[in-house]
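# Residue-level structural notes
Residue-level listing of the chains:
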Amino acid sequence: MERILVSACLMGRRVRYDGGAKTSSDAWLAGWRAEGRLVPFCPEVEGGLPIPRPAAEIEGGAGGAAVLSGAARVLATDGSDVTAEFLAGAQAALSVARSFEIRLAVLKEGSPSCGALSIYDGTFRGRRMPGQGVTTALLELNGIRVFTEDHVPEAAEYLRSLES
């Protein structure tokens, strides 16, 4: 059975920067959960950040690949550099994915870790731009397809292709 890495906040775990969750009511996710396919994971918490914590964004909206290469940092609203924690969380996510032979992930859109299509622009003004978070960039560099919570039907189609 194919396992699926999923953002813990989408499963109702209160791991977000503000101490909240972003629980998904998606029927596919509910079905996969019942089948035991889901591996909930929060890279920011696993990387060592507390709950709650200051919000963080990738400077200049540079994207996760720039953070992975050392060309950009992840900064928190309090001015602290949390790049090391984001990198550690991404590595931990990849390690878990490899341990379960995961080839598919459903992650929280917009997150500086998990965003797959968009991230915030680094100004802390609530503006999004195209880009990936640090964990998504690392997973995709290692052949793991990442989908957002708004694209679960596409993830289900990809899962079918993996299992056929």
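Up top you'll find the structure we're talking about.
It should be emphasised that the depicted structure is a prediction, and the values quoted were computed from it without experimental measurement.

Ile51 connects to Pro52 through a cis peptide bond whose omega is -10°. For Pro52, the location among the structural elements is in the loop between α2 (43–46) and β3 (56–58). Even without glycine at this site, Phe124 takes up a positive phi of about 60°. Mapped onto the fold, Phe124 is located in the loop between β6 (118–120) and β7 (128–130).

The strand order across the open sheet built from 4 strands is β2-β1-β5-β8, with neighbouring strands paired in parallel fashion. Edge positions in the open sheet fall to β2 (38–41) and β8 (145–148), since each of these has one partner strand only. Direction aside, the axes of adjacent strands within the sheet are offset by 25° on average. Two strands pair when backbone bridges link them, and strand β5 (residues 104–107) and β8 are joined in this way by 4 bridges, in the parallel orientation. Paired with Ala105 across the strands is Val146, a residue of β8. Packed onto the sheet, helix α6 (residues 152–163) meets β1 (4–7), β5 and β8 and runs at close to 170° relative to β5.

Turning to the environment of Arg128, a few remarks are in order. Tracing the chain through its elements places Arg128 in strand β7. Between the alpha carbons of Arg128 and Ser161 there is a distance of 31 Å; along the sequence they are 33 residues apart. Setting aside chain neighbours within four positions, we find Arg128 in contact with Glu109, Gly110, Ser118, Ile119 and Tyr120. Within polar-contact distance, the side chain of Arg128 engages the side chain of Ser118 at 3.4 Å. Within the structure, Arg128 has its side chain in polar contact with the side chain of Tyr120 (distance 3.3 Å).

Turning our eyes to something else, we now look at the side chain of Arg37. Structurally, the position occupied by Arg37 is in the loop between α1 (27–35) and β2. Within the local environment of Arg37, its side chain forms a polar contact with the side chain of Glu163, the two groups lying 2.7 Å apart. Non-local contacts of Arg37, meaning those with residues more than four positions away in its chain, are made with Met1, Glu2, Arg3, Ile4, Trp32, Leu159 and Glu163.

Next up on the list: the pairing of β1. Judged by which residues are buried, β1 turns out to be covered on both faces: Ile4 and Val6 on one side and Leu5 and Ser7 on the other are all buried. The pairing of β1 with β2 spans 4 bridges and is classified as parallel. Within β2, the position partnered with Val6 by the bridge is Pro40. Handedness of the crossover joining β1 and β2 through α1: right-handed. Bridge count for β1 against β5 is 2 bridges, and the pairing is parallel. Residue pairing in the sheet places Val6 in a bridge with Val106 of β5.

Attention now goes to α6. Here α6 contains 12 residues, and its C-alpha end-to-end distance of 16 Å stays within 8% of the 16 Å for a straight helix at 1.5 Å per residue. For α6, every residue scored as buried is listed here: Val152, Ala155, Ala156, Tyr158, Leu159 and Leu162. All buried residues of α6 project into a common sector of 165° when viewed along the axis, lining one side.

What counts and how
- Residues numbered from 1 in each chain as written.
- Predicted model: local features only at pLDDT ≥ 70, side-chain atom pairs only at ≥ 80, totals over all residues.
- Heavy atoms only, no water.
- Helix = DSSP H or I, 4+ residues; strand = E, 2+ residues; numbered from the N terminus.
- Pairing = 2+ DSSP bridges.
- Axes fitted to C-alpha atoms, helices over the stretch in contact; angles between N-to-C directions.
- Contact = heavy atoms within 4.5 Å.
- Polar contact = N/O pair within 3.5 Å; in protein donor to acceptor, adjacent residues only side chain to side chain.
- Buried < 20%, exposed > 50% of the residue type's maximum accessible area, 1.4 Å probe, protein only.
- Right-handed = clockwise from strand over helix to strand, strands pointing away.
- Expected span 1.5 Å × (residues − 1).
- Arc of directions from axis to C-beta.

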